[in-house]
Amino acid sequence: LRAPELHAIEVEGMTRSAFILRGALAVGAAYGGGAVAPFVSRAFAQGSQGDVDILTFALSLERMEQAFYAAAVKNAKLRGELKQLATNFGAQEAEHVDALEATIEQFGGKPGEAPKFKFGVSDEGSFLELGVALEDTGVGAYNGAAPNIDTPDIISAAGAIVQVEARHAAALRMRADQDPAPAAFDRALTQSQAEAAAKKASAG
Amino acid sequence: MQQTETDQTMRASAVDELAADASSRKRFLKALGGTAAAGAAASLLAACGEDKRVPLTPGGSNPNTGAGAGTDQYGNGDLGIVRYAIVLEYLEADFYAAANKSGKLKGRASELAKTFGQQEDQHVKRLEEAIAKLGGQPPEKSRGEFPLDTQQQILEFAAGIESLGAAALLAQVDRIQDKELLATAISIHTVEGRHAAAIAELLGEDPAPQVFATPTQASDVLNQLHRITTGNQF
């Protein structure tokens, strides 16, 4: 279930969110999307500065996905229905970005500038492969972060967004002839397995 | 002003400000796409006495009479939520078992229904463990009447019950107190979302029709389930 293609994504920036995002991608690359949830959960359990901290991380994730679909529509030579799908998903990610920015401001935080991203998407195959890996990573990240959120309304909002990420992941997996739901739970590893995975990822 | 359970939960959070300021409440709802927080905000409004009706608890019960329309009828708090959630999972597991036996599914639809059925069985098992851990007993299974005449019929029903299952769990995630249970519930919820999207793809429908997934409250879910268990469809 590992997704080495995630190594092809570059996330620039020195913010805490950018660090956790790079970690999540490294864990996803080495162990698959299911490993991302416990990794993110652990990151926030150890040093969360509250809900705004988690929202800011979610924002960096959504900005990455928005940038990914924009790059794919521009560079992956997509056609017809698949191009429409990428365009629709990108528009949904853009709305997630807007909602998260507004919520962060509402709770007294600052959304900050979007980090720069680079993706290796040049054709339909690389779009599907990386899209699946990214959306699976997003699902794991939200599911991992959700139990660390204090405000009930923000848990609901995270749930409303992550279900859409899961739907994106499944649809792209169908297009790529992969299993749309690779596991019965979108959270594969136990806490101790996750810690081992994170250690290995940060060492490598 | 009546102190309901919702009221107390809200008080402990940063949502305090929203209760005092109608315009910031509107902005918040707009920011969330007007869907996710609508239920919570409705309870908030009710708790603040803008409505003459008796505010229900988040579990859907009348706090004065105990009459329940939601998860409270399955038990208090987390136990009620899990016993309620397993009702849906039982039905989904039974449905896939019947669909797989029907002989009407071919090709990818048949493969997916087998996989999804096994995954629903695992959800049932995990929720039964959670119920036992909370010191409860699983509720009685109710028998569903499923449309199984054609592949199209089966897939349409599957799309409906998976979306309902995802929406039902989504409506509970902000009420669950135990964090491990929340992690389980939200990750079952995303798998139901994946199932719904995959079936939509098979049917040639939009796999992600909403920007923000909408929750369905327990009383509405139970009304829909009642129609299924009495042989009527969605």
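In what follows, the structure referred to is the one given above.
The shown structure was predicted, so the numbers you read here are calculated from the model rather than taken from an experiment. Each chain carries its own residue numbering, running from 1 in the written order of its sequence. Key to labels: chains lettered from A, ligands numbered from 1, both in the order written. At least 70 in pLDDT is required for a residue's local features to be given in this predicted model, at least 80 for side-chain atom pairs to be given and counted, and no such filter applies to totals for whole chains, interfaces and linings, which use all residues. Side-chain numbers come from the whole structure's heavy atoms, not from hydrogens or water.

Caption draft 1: Representation of the overall build of chain A within the structure. Broken down by element type, chain A carries 7 helices and 2 strands. In this description a helix means any DSSP run of H or I spanning at least four residues, a strand means any run of E spanning at least two, and both kinds are numbered starting from the N terminus. In chain A, the succession of helices and strands from N to C terminus is β-α-α-α-α-β-α-α-α. Here the globule rule is a power law, 2.2 Å times the number of residues to the power 0.38, and the radius of gyration is based on C-alpha atoms. For 204 residues, the compact-globule formula gives about 17 Å, and the C-alpha radius of gyration of chain A, at 16 Å, lands near that figure. With the principal axes as the frame, chain A shows a C-alpha extent of 45 × 35 × 30 Å. Type-normalised accessible area, obtained with a 1.4 Å probe on protein chains alone, sets the label of each residue: buried when under 20%, exposed when over 50%, and partly exposed for intermediate values. Split into buried and exposed, the 204 residues of chain A put 60% on the buried side. Surface accessibility in these figures is a Shrake-Rupley result with a 1.4 Å probe; residues are shielded only by whichever protein chains are displayed. Accessible surface, chain A as shown: approximately 7,800 Å² in total, 51% of it carbon and sulfur. Under this rule, positive means Lys or Arg and negative means Asp or Glu; His and the chain ends count for nothing. Lysine's charge is taken at NZ, arginine's at CZ, aspartate's at CG and glutamate's at CD. A distance of 6 Å separates the average location of the 18 positive side-chain charges in chain A from that of its 26 negative side-chain charges.

Caption draft 2: Representation of the overall build of chain B within the structure. Within chain B, the regular secondary structure consists of 9 helices and 0 strands. Counting only residues that meet the buried cut, chain B has 52% of its 234 residues in that class. Contact criterion: two residues are considered in contact whenever any of their non-hydrogen atoms come within 4.5 Å of each other. A fraction of 73% describes how many contacts in chain B between residues 6 or more apart in sequence connect residues 24 or more apart. Here chain B has roughly 10,600 Å² of accessible surface; of this, 48% comes from carbon and sulfur atoms.

Caption draft 3: Region of interest: helix H8 (residues 179-203) of chain B. Residue and element names in this part refer to chain B. Each residue after the first adds 1.5 Å to the expected span of a helix. Taking 1.5 Å per residue as the helical rise, H8 with its 25 residues ought to reach 36 Å, and the 36 Å between its terminal C-alpha atoms agrees with that figure. H8 sits mainly inside the fold: 22 of its 25 residues count as buried. For this analysis, a polar contact is any N or O atom pair within 3.5 Å, provided that within protein one partner can donate a hydrogen and the other can accept it, and provided that sequence-adjacent residues contribute only side-chain to side-chain pairs. Near the N-terminus of H8, the side chain that reaches the backbone nitrogen of Glu180, with its oxygen 3.2 Å away, is that of Asp178.

Caption draft 4: Fine view of the pattern of salt bridges. Put simply, a salt bridge is a Lys or Arg side-chain nitrogen that is within 4 Å of an Asp or Glu carboxyl oxygen. Per the counting criterion, the structure on display carries 10 salt bridges over all chains. Measuring nitrogen to oxygen at the nearest pair gives 2.7 Å for the salt bridge that ties Arg173 of chain A to Asp136 of chain A. Within this pair, whereas Arg173 of chain A is found in helix H6 (residues 152-175), its partner Asp136 of chain A is found in helix H5 (residues 124-145), the two being separated by 37 residues in sequence. You can call Arg173 of chain A buried: its relative accessible area is 7%. The salt bridge involving Asp186 of chain A is made with Arg194 of chain B; its shortest N-O contact spans 3.1 Å. Of this pair, Asp186 of chain A sits in the loop between H6 and helix H7 (191-203) while Arg194 of chain B sits in helix H8, on two different chains. Arg194 of chain B shares its class with Asp186 of chain A; the two are buried.

Caption draft 5: Summary view of the interface of chain A and chain B. Listed as interface residues are 48 residues of chain A and, on the opposing side, 55 residues of chain B. Summed over both partners, the accessible surface that disappears when two parts come together, traced with a 1.4 Å probe, is what is meant by buried area. Here chain A and chain B share an interface that buries about 4,300 Å² over both sides, 63% of which is from carbon and sulfur atoms. Three residues stand out in chain A for area buried against chain B, namely Gln106, Arg167 and Phe185 of chain A, and they jointly supply 18% of the buried area on that side. The tally of links between chain A and chain B comes to 18 residue pairs in polar contact (both at pLDDT 80 or more). Of all elements in the fold, only helix H4 (80-106), H5 and H6 of chain A reach the threshold of two or more residues within the side of chain A that touches chain B.

Caption draft 6: Structural view of the nonpolar core. Throughout this description, the term nonpolar core refers to a set of buried Ala, Val, Leu, Ile, Met, Phe, Trp, Tyr and Cys residues connected via side-chain atoms within 4.5 Å. If you look at the biggest cluster of nonpolar residues, it comprises 89 residues, and the most contacted ones within it are Leu6, Ile9, Val40, Met64, Phe119 and Phe127 of chain A. Tallying contributions element by element places helix H3 (residues 51-75) of chain A first for this core, with 11 residues. Dropping the residues within four chain positions of it, Phe119 of chain A is found in contact with Ala8, Ile9, Met64, Ala67, Phe68, Ala71, Leu130 and Leu134 of chain A. Counting 33 residues, the second-largest nonpolar core is a separate cluster that includes Phe116, Leu155, Ala159 and Leu164 of chain B.

Caption draft 7: Spatial organisation of the packing of aromatic side chains. Residues and elements named next belong to chain A. For Phe, Tyr and Trp, rings pair up if their centres lie within 6.5 Å, where Trp contributes its six-membered ring, and each pair is then called stacked (planes under 30 degrees apart), edge-to-face (over 60) or tilted (otherwise). Scanning all chains against the criterion turns up 13 aromatic pairs over all chains. Taking the centre distance of 5.7 Å and the plane angle of 10° together, the rings of Phe68 and Phe127 count as stacked. Separated by 59 residues along the polypeptide, Phe68 in helix H3 and Phe127 in helix H5 bring together distant segments of the chain. There is no split in this pair, since Phe68 and Phe127 are both buried. Pairwise contacts between aromatic rings join Phe68, Tyr69, Phe89, Phe117, Phe119 and Phe127 into one cluster.

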